[in-house]
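Close look at the chain arrangement
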Amino acid sequence: VLLTSMMSIAMLASIASGATYALFTAEDTVNVAVTAGKVAIDASVNADSMKTYSFDWTDETGQTFENGGTATYNSESGILVLDRLTPGDGINFDIEIKNNSNINIIYRIVCGAVLDKADSEGSQKLVDALIANATVNGKVMNFSAGDATPWINLGPSNEKIIAKVNVELPSVAGDQNYLQGKSAGLFFNVEAIQGNGSYADAYVTNVEQLSAATKLGAKAVLLNDIVVEDASLFNGANINLNGYNLL
């Protein structure tokens with residue numbers, strides 16, 4: 001111990017007496033690698049689950065209706081087309097929602113309808129006539145009402161959530177001829193945000209999602225510019241433009 005102390009004093013004296021000596025330095029580096037968490041949800045129709053029917057008639061392949069109508073799912077576009085429905089026709093199918101996130105998330109599922117702009121009144125009548133609903137975790141949602149599940153917590157488990165969907169044009173008493181040739185769209189929107197995100201925010205990219213969010217009383221956060229035909233419909237709505245515009 002004594003030798004060490006003396007050497008230290010001598011070294012210090014040498015440094016202090018020489019003006020041209022550089023200071024002793026040392027450095028080391030701690031590298032901090034940053035990887036952002038990922039929130040990712042995939043949703044697709046399970047084509048094998050599609051079952052079409054017309055009253056008591058059924059097609060286990062899920063491709064046709066008794067009067068010649070068809071059900072076609074395009075896996076690339078994610079669009080299921082129900083063509084030439086007649087009263088009594090319907091379809092059951094599953095939508096599989098896979099959590100590909102690597103962090104805790106909260107998610108919800110919003111159902112809604114998209115009207116044919118060329119005939120919005122007739123299109124709305126078709127939507128009103130349809131039985132169109134989805135069941136997720138026991139929650140039944142109606143497409144025409146723009147219903148949504150509650151926000152649901154989910155860990156990064158790659159778990160699949162199954163939504164069971166039914167769409168039917170029921171046969172009812174009275175004249176249904178006013179529905180001939182009408183068209184409409186139904187959408188099934190899966191929203192997911194990081195687990196500690198705001199439950200009240202709904203992130204929207206089009207006017208249909210904006211309408212559904214405002215009907216639910218959520219704060220709509222725009223992710224891009226959105227074209228709306230009548231901006232007055234959203235007067236008083238809780239909308240965060242987020243740097244974008246309603247055009």
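Above this text you will find the structure in question.
What comes next is a walk through the structure. In this text, all values refer to a predicted model and were calculated from it rather than measured experimentally. (Residues numbered from 1 in each chain as written. Predicted model: local features only at pLDDT ≥ 70, side-chain atom pairs only at ≥ 80, totals over all residues. Heavy atoms only, no water.)

Some words on unusual backbone geometry
Rules: The rule is simple: take the accessible area with a 1.4 Å probe, protein chains only, and divide by the maximum for that residue type; under 20% is buried, over 50% is exposed, in between is partly exposed.
You will see that Phe55, though not glycine, has its phi angle at about 55 degrees, which is positive. According to the relative accessible area criterion, Phe55 is exposed, its value standing at 53%.

Details of the pairing of strand E7 (residues 131-136)
We count it as follows: Helix and strand definitions here come from DSSP, where helices need a minimum of 4 consecutive H or I residues and strands a minimum of 2 consecutive E residues; each element is numbered from the N-terminal end. Two strands form a pair only when DSSP identifies at least two bridges running between them.
Residues of E7 alternate between two faces, with Ala132, Ala134 and Val136 buried on one and Ile131, Asn133 and Thr135 left unburied on the opposite face. In this sheet, strand E10 (residues 160-169) lies alongside E7 in antiparallel orientation, the contact comprising 5 bridges. Each bridged residue has a counterpart across the sheet, and for Asn133 the counterpart in E10 is Asn166. Where E7 meets strand E8 (residues 139-142), 4 bridges bridge the pair, whose relative direction is antiparallel.

Description of the pattern of salt bridges
One side chain can pair with another of opposite charge once the charged atoms of both are near each other. What counts, and what does not: Salt bridge, as applied in this entry: a Lys or Arg side-chain nitrogen positioned within 4 Å of an Asp or Glu carboxyl oxygen.
Counted according to the given criterion, the structure contains 6 salt bridges. With a closest N to O distance of 3.4 Å, Glu96 and Lys160 form a salt bridge. Of this pair, Glu96 sits in strand E5 (residues 89-99) while Lys160 sits in strand E10, placing them 64 residues apart in sequence. Linking Asp119 and Lys182 is a salt bridge whose minimum nitrogen-to-oxygen distance equals 2.8 Å. Residue Asp119 is located in the loop between strand E6 (105-115) and helix H2 (120-129), and its partner Lys182 is located in the loop between E10 and strand E11 (184-194); the two are separated by 63 residues in the primary sequence. Lys182 gets classed as partly exposed once you look at its relative accessible area, which sits at 31%.

Digging into H2
Rules: Note that the arc is defined by the directions from the helix axis to the C-beta atoms. We call two residues in contact when some of their heavy atoms are within 4.5 Å.
Within the sequence span of H2, burial applies to Gly122, Ser123, Leu126, Val127 and Ala129. Along the axis of H2, the buried residues cluster in a sector spanning 165 degrees; they form a single face. Exposed residues pointing more than 90 degrees away from the buried face of H2 are listed as Glu121 and Asp128. Packing partners of the buried residues in H2 comprise E6, E7, E10 and E11.

A few points about the nonpolar core
The test is simple: Working definition of a nonpolar core: buried Ala, Val, Leu, Ile, Met, Phe, Trp, Tyr and Cys residues. They are joined through side-chain atoms within 4.5 Å.
Phe93, Ile95, Ile97, Ile109, Val165 and Phe188 are the most contacted members of the largest nonpolar core, which has 30 residues in total. Going through the elements one at a time, strand E1 (41-54), strand E3 (70-74), E5, E6, H2, E7, E10 and E11 are the ones with two or more residues in this core. The element contributing the most residues to this core is E10, with 5 residues. Those residues in contact with Ile95 that lie beyond four places of it in its chain are Ala43, Ser44, Val45, Ile161, Ile162, Ala163, Val165 and Phe188. Ranked by size, the runner-up nonpolar core spans 11 residues in total, among them Val204, Ala220, Leu222 and Ile226.

Geometric descriptors of this kind do not, in isolation, establish any biological role.
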